[in-house]
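Read off the chains here:
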Amino acid sequence: MKAWIVDDPIEAASAAVVFAETRGQAKVLAQSTDACEDMAFTDIRAVRAPELDRFYKGKSEMDWFDPDDRIAMVKYGGFHCSYEVDIGKDKCEACPAHEWCDRYEEEET
């Protein structure tokens, strides 16, 4: 299975990682994610993320709330918490992926 980062190319406020063989299959799966649930198929951006392929565990979507998935998404996919949320340094330090997160580095300064 191939990893795809799916999101709204205009808003880009949130994204998800889904596993599918084709871009079209990824966009169909994206429609059931929080990041793209209200979007039309044709409006979804799906970009290959080969660096995340190895994290396929039989699920169609990576889970941000699973510590192992979050670390992989941050370390290899460039994910971070939304800037729309004021998380603060304490919450950043409690995150299992903080040592690889660009946002954590910003919160430190």
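Residues numbered from 1 in each chain as written. Predicted model: local features only at pLDDT ≥ 70, side-chain atom pairs only at ≥ 80, totals over all residues. Heavy atoms only, no water.

Caption draft 1: View of the overall build of the protein. In terms of regular secondary structure, the protein is built from 4 helices and 3 strands. Across the protein, helices and strands are ordered from the amino to the carboxyl terminus as β-β-α-β-α-α-α. Its C-alpha atoms give the protein a radius of gyration of 14 Å, within 12% of the compact-globule value 13 Å for 109 residues. Its C-alpha atoms put the protein at 40 × 30 × 20 Å along the principal axes. By residue count, 33% of the 109 residues in the protein fall in the buried class. For the protein, the proportion of contacts with a sequence separation of at least 24, taken over those separated by at least 6, is 43%. Accessible area for the protein stands at about 6500 Å²; split by element, carbon and sulfur atoms hold 49% of it. Averaging the locations of the 13 positively and 25 negatively charged side chains of the protein gives two centres separated by 6 Å. (Helix = DSSP H or I, 4+ residues; strand = E, 2+ residues; numbered from the N terminus. Rg over C-alpha atoms; globule rule 2.2 N^0.38 Å. Buried < 20%, exposed > 50% of the residue type's maximum accessible area, 1.4 Å probe, protein only. Contact = heavy atoms within 4.5 Å. Areas by Shrake-Rupley, 256 points an atom, 1.4 Å probe, with all protein chains shown as cover. Lys, Arg positive; Asp, Glu negative; His and termini not counted. Charge placed at Lys NZ, Arg CZ, Asp CG, Glu CD.)

Caption draft 2: Highlighting the packing of aromatic side chains. Tallied over the full model, the rule gives 3 aromatic pairs. Over the aromatic face of W4 sits the side chain of R48, whose NZ or CZ is 5.6 Å from the ring centroid. (Phe/Tyr/Trp six-rings, centres within 6.5 Å; stacked < 30°, edge-to-face > 60°. Lys NZ or Arg CZ within 6 Å of the ring centre and 35° of its normal.)

Caption draft 3: How the structure looks around the pairing of strand β1 (residues 2-7). Burial within β1 is extensive, with 5 of its 6 residues counted as buried. Bridge count between β1 and strand β2 (residues 15-20): 6 bridges; the pairing is antiparallel. Each residue of the ladder has a partner; that of W4, found in β2, is V18. Of the pairings in the sheet, the one linking β1 to strand β3 (residues 45-48) comprises 4 bridges and is antiparallel in character. (Pairing = 2+ DSSP bridges.)

Caption draft 4: Quick peek at the nonpolar core. Grouped together as the largest cluster of nonpolar side chains are 17 residues, with contacts concentrated most on A3, V17, L52, M62 and F79. Broken down by secondary-structure element, the contributors of at least two residues to this core are β1, β2 and α2 (67-77). Leave out the neighbours within four places in its chain, and L52 touches A3, V17, F19, A72, M73, Y76 and G77. Ranked by size, the runner-up nonpolar core spans 12 residues in total, among them W4, A16, A26 and C36. (Core = buried A, V, L, I, M, F, W, Y, C linked by side-chain atoms within 4.5 Å.)

Caption draft 5: Seen up close, the environment of D63. Inspection of the secondary structure assignment puts D63 in the loop between β3 and α2. Only 2.9 Å separates the side chain of D63 from the backbone nitrogen of F65, close enough to count as a polar contact. (Polar contact = N/O pair within 3.5 Å; in protein donor to acceptor, adjacent residues only side chain to side chain.)

Caption draft 6: A look at the layout of surface pockets. Looking at the largest pocket, its volume works out to about 920 Å³. What lines the largest pocket is a set of 36 residues, among which A15, W64, H80, C81 and S82 lie closest to the centre. Taken together, the elements giving at least two residues each to the lining of the largest pocket come down to β1, β2, α2 and α3 (88-94). The element that contributes the greatest number of residues to the lining of the largest pocket is α2, accounting for 4 residues. For the lining of the largest pocket, the class distribution of residues is 22 nonpolar, 7 polar and 7 charged. (1 Å grid on protein atoms, 1.4 Å probe; cavity = no way out; pocket = protein on both sides within 12 Å on 5 of 7 lines; lining within 4 Å. Points joined across faces, edges and corners; volume = space filled by probe spheres on them. Nonpolar A, V, L, I, M, F, W, Y, C, P; charged D, E, K, R; others polar.)

Caption draft 7: Highlighting the sheet that holds β2. With antiparallel pairing, 3 strands are arranged side by side in an open sheet as β2-β1-β3. Pairing within the sheet leaves two strands with one partner each, and these edge strands are β2 and β3. Each adjacent strand pair in this sheet contributes to an overall mean axis angle of 35 degrees, direction not counted. Contacts between helix α1 (residues 23-30) and the sheet are confined to β1, β2 and β3, with β2 contributing the most and set at about 130 degrees to the helix. (Axes fitted to C-alpha atoms, helices over the stretch in contact; angles between N-to-C directions.)

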